[in-house]
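# Coordinate analysis (summary)
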Amino acid sequence: MTHLQIAFNIFYLGLGLISLAHITWWVLPMWLLFAIGNGTIGHRYFAHSSFNVSPGTHKIMCVWCTISGYSPVVYWQVQHRHHHRHTDTTRDIHSPVNGHMMSLIGWIFSKKRLESVYQDRASKVAHALSSKDCTVRIVSQYFIPINLIFLAALWAMSLEIMLAAGTAWLMEHIRLGLVNLVCHWPGFPGNYRNFDTDDRSHNNVIIGLLGLGFGWHNNHHADAGRLDLRRRWWEWDFEAQIAKLLKKL
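Bear in mind that the values here come from a model prediction, so they are computed numbers and not experimental data. (Residues numbered from 1 in each chain as written. Predicted model: local features only at pLDDT ≥ 70, side-chain atom pairs only at ≥ 80, totals over all residues. Heavy atoms only, no water.)

### A short note on the environment of L249
Residue placement: L249 occurs in the segment after α13 (238-247). Taking the relative accessible area as the measure of exposure, L249 reaches 62% and is therefore exposed. Each C-alpha atom, one on L249 and one on F46, is 17 Å from the other, the two residues being 203 residues apart in sequence. Apart from residues no more than four positions distant in its own chain, L249 is found in contact with S54 and T57. (Helix = DSSP H or I, 4+ residues; strand = E, 2+ residues; numbered from the N terminus. Buried < 20%, exposed > 50% of the residue type's maximum accessible area, 1.4 Å probe, protein only. Contact = heavy atoms within 4.5 Å.)

### Side note on the environment of R91
With respect to the helices and strands, the residue R91 is situated in the loop between α4 (73-85) and α5 (100-104). Residue classification places R91 among the partly exposed residues on the basis of a relative accessible area of 39%. For the pair formed by R91 and R113, sequence separation is 22 residues and the distance between their alpha carbons is 8.8 Å. With sequence-adjacent residues up to four places away left out, R91 is seen in contact with H82, H86 and D120.

### Some thoughts on the packing of α4 against helix α7 (residues 121-131)
Their axes nearest at 9 Å, the elements α4 and α7 cross at an angle of 150°. The angle between α4 and α7 falls in the class roughly antiparallel. Judged by the sense of rotation from one axis to the other, the crossing of α4 with α7 is right-handed. From α4, V74, Q77, V78, R81, H82 and R85 reach across to α7, where they touch A122, S123, A126, H127, S130 and S131. Of the residues assigned to the contact of α4 with α7, the class counts are four nonpolar, six polar and two charged. (Axes fitted to C-alpha atoms, helices over the stretch in contact; angles between N-to-C directions. Parallel < 35°, antiparallel > 145°, perpendicular 65-115°, else oblique. Left-handed = near helix turned anticlockwise from the far one by under 90°. Nonpolar A, V, L, I, M, F, W, Y, C, P; charged D, E, K, R; others polar.)

### Some details on α13
Of all the residues in α13, the buried ones are E239, A240, I242, A243 and L246. Projected onto a plane normal to the axis of α13, the buried residues spread over an arc of 155° and lie on a single side. (Arc of directions from axis to C-beta.)

### Section: the packing of aromatic side chains
The relative placement of two aromatic rings is captured by the distance of their centres and the angle of their planes. Across all of its chains, the model carries 15 aromatic pairs by this definition. Between W233 and W234, the aromatic rings sit 5.9 Å apart at their centres with planes inclined by 90°, giving edge-to-face as the arrangement. Classification of W233 as exposed rests on a relative accessible area of 78%. (Phe/Tyr/Trp six-rings, centres within 6.5 Å; stacked < 30°, edge-to-face > 60°.)

### Details of the environment of A47
Examined against the element boundaries, A47 turns out to sit in helix α2 (residues 27-47). With relative accessibility at 4%, the residue A47 sits in the buried group. Separated by 61 residues in the primary sequence, A47 and I108 place their C-alpha atoms 18 Å from one another.

Right, here's the structure in full:
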């Protein structure tokens with residue numbers, strides 16, 4: 001599956017680069033679709049269980065997270081929990097301690113990095129527990145076919161919309177990559193800490209706002225299960241507000 005995942009990432013990256021020459025207003029709604037699917041759903045709901053939803057909404061969110069194109073839902077859970085266990089060590093697959101480009105985006109093309117999260121028992125247990133959910137297991141198993149069908153459906157509606165999805169995928173990986181890189185890079189302009197955590201996590205003013213709340217990263221590492229990452233009045237958290245809406249469905 002790792003080879004297929006890397007091939008899929010290369011394909012989507014190529015589509016994203018080609019799509020840069022055809023940017024339209026469709027890019028913004030497509031990016032927001034992916035950003036919510038990854039930040040609110042993949043990260044806060046699946047990886048951290050920061051909020052609960054109805055069974056029907058859970059199934060919709062399984063598909064939503066999948067078509068956001070970051071990784072299968074099971075891997076989202078396993079990999080991110082691995083990141084919190086090994087933050088800013090050489091075992092943390094997207095920490096800048098392993099290289100800035102690797103942190104930004106390089107790790108999604110590295111078979112060694114992608115597979116390394118399964119080397120400890122906690123990850124194997126997390127994978128087994130996550131796979132007990134039938135919907136999570138199915139959407140994770142068919143991650144690539146589901147995404148190809150999604151892109152084909154967009155193409156059937158409009159080539160313009162499909163190309164916008166490529167640009168949005170690239171933007172979303174840059175957003176998440178900047179959180180991984182900048183918010184674990186002490187001394188980067190705009191970085192600050194509200195909490196003295198035992199890692200290199202920082203909040204960043206620009207990444208916090210443009211990252212829809214994900215960039216209040218020191219706040220997150222101080223209390224990983226907390227839904228709303230705001231601790232100061234300017235720390236706006238869009239992802240948390242979306243989560244509060246999803247809880248009502």
